[in-house]
Every structure is written in structure tokens, then in C-alpha cells.
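Geometric and topological summary
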Amino acid sequence: MDYLFEITKILVEWSNANTGFLMALLTAVYVIATILIVYESRRNNRLMLMIEKDRTRPHVVFWVESEMRTHGKYFNAIDYIGKIRNEGASTAHDIRITTIPKLRARQGIDKEGENAYYTPTFLEEITSILVPNQTIIENIGPTKFLLEDNDDESLKFKIQIEFSDVGGEKYSTEYDIDLSKNRNCFYTEDSYAKAYFNLVEKATDAAKSLERINRSLNQPDRSNMYIREDLELNDQQVELIRKIAEAEQQSERKGAIWILREMIGKTIISRTVDKFEIEVETHDIQTLCRSGYLRGHYSDGTLWFYVAPSAKNA
């Protein structure tokens, strides 16, 4: 106890002798603590502002998912679907999405018998605006084709998204999408889907054969022109050829080609050089062609003809 008393006595005497020093030390500690508190407060304020800005800014994401689609009563197939969505709390403007390599999927066979490819519109063009929680969905193509046409490396895409907010501030983000993992763990397409895709792929040769047949049938040396016959016209047909001949005489471009068009509810003939048209019956025009007043032939299922000189004497 005497030892502790002596130490306390010494400290008290030292403090009394150095009061100014202690006050200065305490003041310094107070100032340093105040500076630290102010710095931490400002840092927290900046952090809160960043959090609030991040909460209210637009956030655009792009992803690819598979979807089972039904086509008809008994057939369905698995397609890849591309989606972009604004997950943020404000509107995104001028959204540009780029994939490296370019996402280009086979759709099937086009009219010329060649493979038809497609890239979603929002990967080709800038999307002008995307409001909060808005999603744009676009078909990419059958999973079968995309997985068959590309190896694993070609199915790994680097996604780059650039957009701006309403104030013009620009944002960008990058990430990767790997579709190659679907190759081994994808659920199997049903037998109807497989049969459909096989039919589409094998239809190329049939389409080309039909096109060759069509070209042959439309060759000039194949007589698909009407052969003139001695036919007696009825009153309706006589009046019709009179109207046609009169319209031909009044036209500034005589000798123009006419075309027969059959539509729902009516059939008309019209000149290809202007908008003049007459409502007719198909068999009347065919009779006038067989009689020689009109010189016509069918091509690709359409009747083309011009007015013969003998029409004015009908």
C-alpha cells in the first residue's frame, strides 16, 4: 500500500507541475479525434452518395436462355432466346450491345436453298430507350443449329454493353456468356423436333429441283403461250375486249404488259405501267387469249399478256 501511495503522490505532483503540457496534449488528442470524425463522416457521405447514385442509375443486362416452343398440336422445339432488361431505377438511353464473336445463328433454309442466318436486332442496332423493368425479347434460333455449327470456343461470347442515363452520363459493362456448357447437359429434343429439323435440312435438294423444273417450264421454247382458236365471243367478252382496246388506245404507252390478279372477292386486270385496272372474270380473259385478241402466257402462276392489233376489230 505504501508503494502505491508513493507512486500516486509522485504522479499528482508531476501533474501539478506540468498542467500546461497535459492540457496541450489533451487538446491535441481532441483535435486529432475531431479530424478523424470529420474525415470518416465525409467518407460515409461520399459512400452514401455513391450508393444512392448506383441505386437510381440504369442497369442494362443481356442474357441468353433456352425455351421450349410449341409449333402446332404435336410438335415442339428448343430455341435460344436473347433478352435485354433494364434492372435499374431510371431510364437507359442509346443502348449498344456487342458480342465478340458476333452472335449469328442459323434459322433454316431460305428461298434460294441456302442457309438462312439471323442476328437479333438489338445486337445489330442501337436501342434508343429502355425504361425501368422493361424487357426486350428476341428469338436467336434453334439450339440444334447453334450447337451444331459452332465448336466450344465459338460459343463463348464476350458481352460489351454501353448506354447512358437521362443526363447523358455514360456507363459500360463487360462480362462473358458461355453457351458451350449446354452441349452436354442440354435436355433432349423430342422426336417430332428432330424429324422437323431433318426435313428442313433435306428440303434443300427438293427446292432446288423444283426451281430447275420451274425455270424449264418458263423457257421460251416451251409453248406455254395460248394457241389461237376460232371461238365465238359472248356479249360480255365483246364488251370487255372493247374496254381493253379503248384503254390501250388512250394510254400514252401503248403495247404495255398487262397482268391478271385474282384477289379475295374479285379478279382484276391492270397495266404494269400505270394504275389503270378493270374488274373481270378469269375465264373471259383466258377466252380472249385463246381467241387471239390478247397475247398471253402464264409464268410462275401469273397470267401476263398484251393487247393484239386485232383487238380493235373485235
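Remember, it's a predicted structure, so these values are computed and weren't measured experimentally. (Residues numbered from 1 in each chain as written. Predicted model: local features only at pLDDT ≥ 70, side-chain atom pairs only at ≥ 80, totals over all residues. Heavy atoms only, no water.)

**Some remarks on the packing of aromatic side chains**
As enumerated under the stated definition, the model contains 4 aromatic pairs in all. Measuring from ring centre to ring centre gives 5.6 Å for Phe 163 and Tyr 171, while their planes differ by 25°; the resulting arrangement is stacked. Comparing Phe 163 with Tyr 171 shows no difference in burial state: the two are buried. Look at Trp 258 and Phe 276: their rings are 6.1 Å apart centre to centre, the planes differ by 85°, and that puts the pair in the edge-to-face class. One end of the pair, Trp 258, is in strand S10 (residues 258-263); the other, Phe 276, is in the loop between strand S11 (266-271) and strand S12 (277-280), with 18 residues separating them in the sequence. By relative accessible area, Phe 276 is classed as partly exposed at 33%. Here a set of aromatic residues connected by ring pairs shows up, and it is made of Trp 258, Phe 276 and Phe 305. Over the face of the ring belonging to Tyr 117 we find Arg 104, whose NZ or CZ atom lies 4.1 Å from the ring centre. Positioned over the ring face of Phe 145 is Arg 106, at 4.0 Å from the centre of the ring. (Phe/Tyr/Trp six-rings, centres within 6.5 Å; stacked < 30°, edge-to-face > 60°. Buried < 20%, exposed > 50% of the residue type's maximum accessible area, 1.4 Å probe, protein only. Helix = DSSP H or I, 4+ residues; strand = E, 2+ residues; numbered from the N terminus. Lys NZ or Arg CZ within 6 Å of the ring centre and 35° of its normal.)

**Considering the environment of Gln 236**
Note on placement: Gln 236 falls in helix H7 (residues 235-250). Since its relative accessible area comes to 47%, Gln 236 is described here as partly exposed. Note: C-alpha distance between Gln 236 and Glu 281 (45 residues apart in sequence) is 9.9 Å.

**Some remarks on the side chain of Thr 99**
In this fold, Thr 99 is placed in strand S3 (residues 92-100). Judged by relative accessible area, Thr 99 falls into the buried class, the value being 11%. At 3.1 Å, the side chain of Thr 99 and the backbone oxygen of Pro 101 are in polar contact. Apart from residues lying up to four places away in sequence, Thr 99 is in contact with Phe 62, Leu 123, Phe 157, Lys 158 and Ile 159. (Polar contact = N/O pair within 3.5 Å; in protein donor to acceptor, adjacent residues only side chain to side chain. Contact = heavy atoms within 4.5 Å.)

**Let's talk about the pattern of salt bridges**
Under the definition given, this model contains 13 salt bridges. Note that Glu 87 and Arg 85 form a salt bridge whose closest N and O atoms lie 3.2 Å from each other. For Asp 149, the salt bridge identified is with Arg 106, shortest N-O distance 2.8 Å. Taken together, the residues Asp 149 in helix H4 (residues 143-149) and Arg 106 in strand S4 (residues 105-109) connect sequence positions 43 residues apart. What makes Asp 149 partly exposed here is its relative accessible area of 36%. (Salt bridge = Lys/Arg side-chain N within 4 Å of Asp/Glu carboxyl O.)

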